[in-house]
Amino acid sequence: MHRPFVAVLSSGSCGNSILFRSNETSVLIDAGISCKEMERRLSLFGAEAQDIDAVLLTHEHTDHNRGAKRFCSIHDIPVFGTEGTLALTPLEGTDAKTIERHGTFGVGNLSIRTFPVRHLAAEPVGYSIALDGIRASIASDLGSPTEEVLKGMRGSDLVMIEANYDEDMLMNGGYPYFLKTAIAGDHGHLSNEDAGRLCSEMTSERTKQIVLLHLSKDNNTVDLAMEAVEKRVLCGGGARPSIAPTEHGCQNGPFAL
Ligand SMILES: [Zn+2]
Ligand SMILES: [Zn+2]
């Protein structure tokens with residue numbers, strides 16, 4: 001028996017996958033690293049592929065679905081995604097299950113809520129997972145902090161949110177202009193400042209842990225992301241959750257629930 005926890009197997013443009021682990025039910029949110037690497041990193045957190053009850057895809061970009069087909073087909077694990085995500089993800093030989101962009105479904109004893117996010121993808125979503133009155137919410141790859149994201153994640157004990165770029169680093173960096181505007185646009189990625197604002201709006205006494213995801217290797221640093229979010233979240237006299245960054249491409253955690 002162990003307390004439920006969330007662990008980041010990998011985060012960033014090189015691959016994303018997050019483990020939600022409890023005694024009865026465990027799921028992966030995204031499978032954006034190779035099958036072999038997912039198996040290896042699961043073992044670092046005392047888990048193996050046979051423990052995984054479902055893979056939940058956020059959207060169809062390869063850094064989120066690269067390993068899904070192999071991992072889910074050889075281990076016979078169902079894969080959940082919106083119609084748009086599943087249509088654009090190679091999933092031959094898997095048990096693919098369509099979910100609503102705005103809905104609730106169950107896996108084992110988990111109750112999982114989806115909410116839409118704005119991102120340059122077909123039908124991208126974030127996930128909010130509830131177990132025995134505890135809630136963990138995850139949103140990565142979103143261009144703007146919308147009311148739907150706020151509603152979908154509010155009231156969570158643990159929040160995992162993208163903090164992709166520092167505005168100055170992106171704008172003064174070497175990316176071509178079209179790419180800079182795409183990243184910073186409403187359907188691109190979330191800046192440190194926006195992540196900080198969103199976190200401060202959703203933080204309550206209940207929020208114990210914030211984890212920052214998908215930090216850009218070129219346009220961000222752990223220190224800048226932490227500074228921007230800490231400034232917004234910890235400035236009031238209210239709740240003081242722990243805030244943790246994730247390093248690009250590395251495993252991070254576990255974060256207890
Ligand atoms: Zn991504
Ligand atoms: Zn994406």
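Scoring rules and cut-offs
- Within each chain, residues carry numbers counting from 1 in the order of the written sequence.
- Written order decides the labels, with chains lettered from A and ligands numbered from 1.
- Selection of residues for local features in this predicted model requires a pLDDT of at least 70, selection of side-chain atom pairs for listing and counting requires 80 or more, and totals for whole chains, interfaces and linings are taken over all residues.
- Put simply, DSSP H or I for four residues or longer makes a helix, DSSP E for two residues or longer makes a strand, and each gets a number counted from the N terminus.
- The globule rule is 2.2 Å times the number of residues to the power 0.38, and the radius of gyration it is compared with is taken over C-alpha atoms.
- Here the contact rule is simple: place C-beta atoms from the backbone, and any two residues whose C-beta atoms are within 7 Å are in contact.
- What counts as a domain boundary in this text is fixed by an automatic or database domain assignment.
- Under the scheme applied, nonpolar residues are Ala, Val, Leu, Ile, Met, Phe, Trp, Tyr, Cys and Pro; charged residues are Asp, Glu, Lys and Arg; polar residues are all the others, including Gly.
- Counts of 20 or more other C-beta atoms within 10 Å of a residue's own C-beta define buried residues, counts of 12 or fewer define exposed ones, and intermediate counts define partly exposed ones; C-beta atoms are placed from the backbone.
- At least two bridges found by DSSP between two strands is the condition for calling them paired.
- Throughout, an axis means a line fitted to C-alpha atoms (over the contacting stretch in the case of helices), and angles, computed between N-to-C directions, take values from 0 to 180 degrees.
- Any angle between 65 and 115 degrees counts as roughly perpendicular, while under 35 counts as roughly parallel, over 145 as roughly antiparallel, and the rest as oblique.
- By definition, any crossing whose near helix is turned counterclockwise from its far helix by less than a right angle is left-handed, and any crossing with a clockwise turn is right-handed.

### Quick word on the overall build of the chain
Here is step 1: In terms of helices and strands, the chain carries nine helices and 14 strands.
Here is step 2: A compact globule built from 257 residues should have a C-alpha radius of gyration of about 18 Å, and the chain, at 17 Å, falls within 12% of that.
Here is step 3: For the chain, the spread of C-alpha atoms along the principal axes amounts to about 45 × 40 × 35 Å.
Here is step 4: Within the chain, contacts between residues at least 6 apart in sequence are counted, and of these 64% link residues at least 24 apart.

### Thoughts on the domain arrangement of the chain
The extent of an interface is frequently quoted as the accessible surface area lost upon association of the parts.
Here is step 1: The domain architecture assigned to the chain consists of domain 1 (1-100) and domain 2 (142-247).
Here is step 2: Computed over C-alpha atoms, the centres of domain 1 and domain 2 are 23 Å apart.
Here is step 3: Residues belonging to the side of domain 1 that touches domain 2 are distributed by class as follows: three nonpolar, four polar and no charged.

### A short note on the pairing of strand β3 (residues 26-29)
Here is step 1: Across the two faces of β3 the burial is the same, with S26 and L28 and V27 and I29 all buried.
Here is step 2: Two strands pair when backbone bridges link them, and strand β2 (residues 17-21) and β3 are joined in this way by four bridges, in the antiparallel orientation. The partner of F20 across the bridge, within β3, is V27.
Here is step 3: Between β2 and the antiparallel strand that follows it, β3, lie four residues.
Here is step 4: Pairing of β3 with strand β4 (residues 54-56), which is carried by three bridges, proceeds in the parallel orientation. From the neighbouring strand, I29 faces β4, where its bridge partner is L56.

### Describing the packing of helix α8 (residues 192-202) against helix α9 (residues 222-233)
Here is step 1: Where α8 contacts α9, the two axes come as close as 8 Å, and the packing angle between them is 30°. On the basis of their axis angle, the class for α8 and α9 is roughly parallel. In the packing of α8 onto α9, the handedness of the crossing is right-handed. Contact residues: N192, E193, A195, G196, R197, C199 and S200 in α8; L224, A225, A228, V229, K231, R232 and V233 in α9.

### Here's the deal with unusual backbone geometry
Here is step 1: Looking along the chain, the bond that leaves G253 and enters P254 is cis, with omega of 5°.
Here is step 2: One can find P254 in strand β14 (residues 252-256).
Here is step 3: The phi torsion at D30 lies on the positive side, around 70°, for a residue other than glycine.
Here is step 4: Looking at the element boundaries, D30 is found in the loop between β3 and α1 (35-44).
Here is step 5: If you check the backbone angles, D141 has positive phi at about 65° while not being a glycine.
Here is step 6: Counting through the fold element by element, D141 comes out in the loop between β10 (134-139) and α5 (147-153).

### Digging into the environment of L19
Here is step 1: Examined against the element boundaries, L19 turns out to sit in strand β2.
Here is step 2: Taking C-alpha positions, L19 is 9.8 Å from A31, a pair spaced twelve residues apart along the chain.
Here is step 3: Discounting residues that sit within four places of it in the chain, L19 has contacts with V6, A7, L9, S26, L28, L42, F45 and A47.

### Concerning the environment of A195
Here is step 1: Structurally, A195 is set in helix α8.
Here is step 2: Spatially, the C-alpha atom of A195 lies 19 Å from that of R135, the residues being 60 residues apart in sequence.
Here is step 3: The residues contacting A195, other than those within four sequence positions of it, are I161, E162, A163, L190, L212 and V229.

### Side note on the sheet that holds strand β8 (residues 110-116)
Here is step 1: Strand order across the open sheet formed by seven strands is β7-β8-β9-β10-β11-β12-β13, with mixed pairing between neighbours. Single-partner strands in this sheet number two, and they are β7 (104-107) and β13 (242-245). With strand direction ignored, the average angle separating the axes of adjacent strands in the sheet is 20°.
Here is step 2: Where β10 and strand β11 (residues 158-162) come together, four bridges link them in parallel fashion.

### Here we look at the sheet that holds β14
The strands that make up a sheet are held in pairs by hydrogen bonds between backbone atoms, and each pair lies either parallel or antiparallel.
Here is step 1: A sheet is described by the order of its strands in space; here seven strands give the open sequence β6-β5-β4-β3-β2-β1-β14, paired in mixed fashion. Two strands close off the open sheet at either side, each with one partner strand: β6 (96-98) and β14. If you compare each strand with its neighbour and ignore which way they point, the axes differ by 20° on average.
Here is step 2: Of the pairings in the sheet, the one linking strand β5 (residues 79-81) to β6 comprises three bridges and is parallel in character. Pairing of G81 across the sheet is with T98, part of β6.
Here is step 3: Packed onto the sheet, α1 meets β1 (5-10) and β2 and runs at close to 140° relative to β1.

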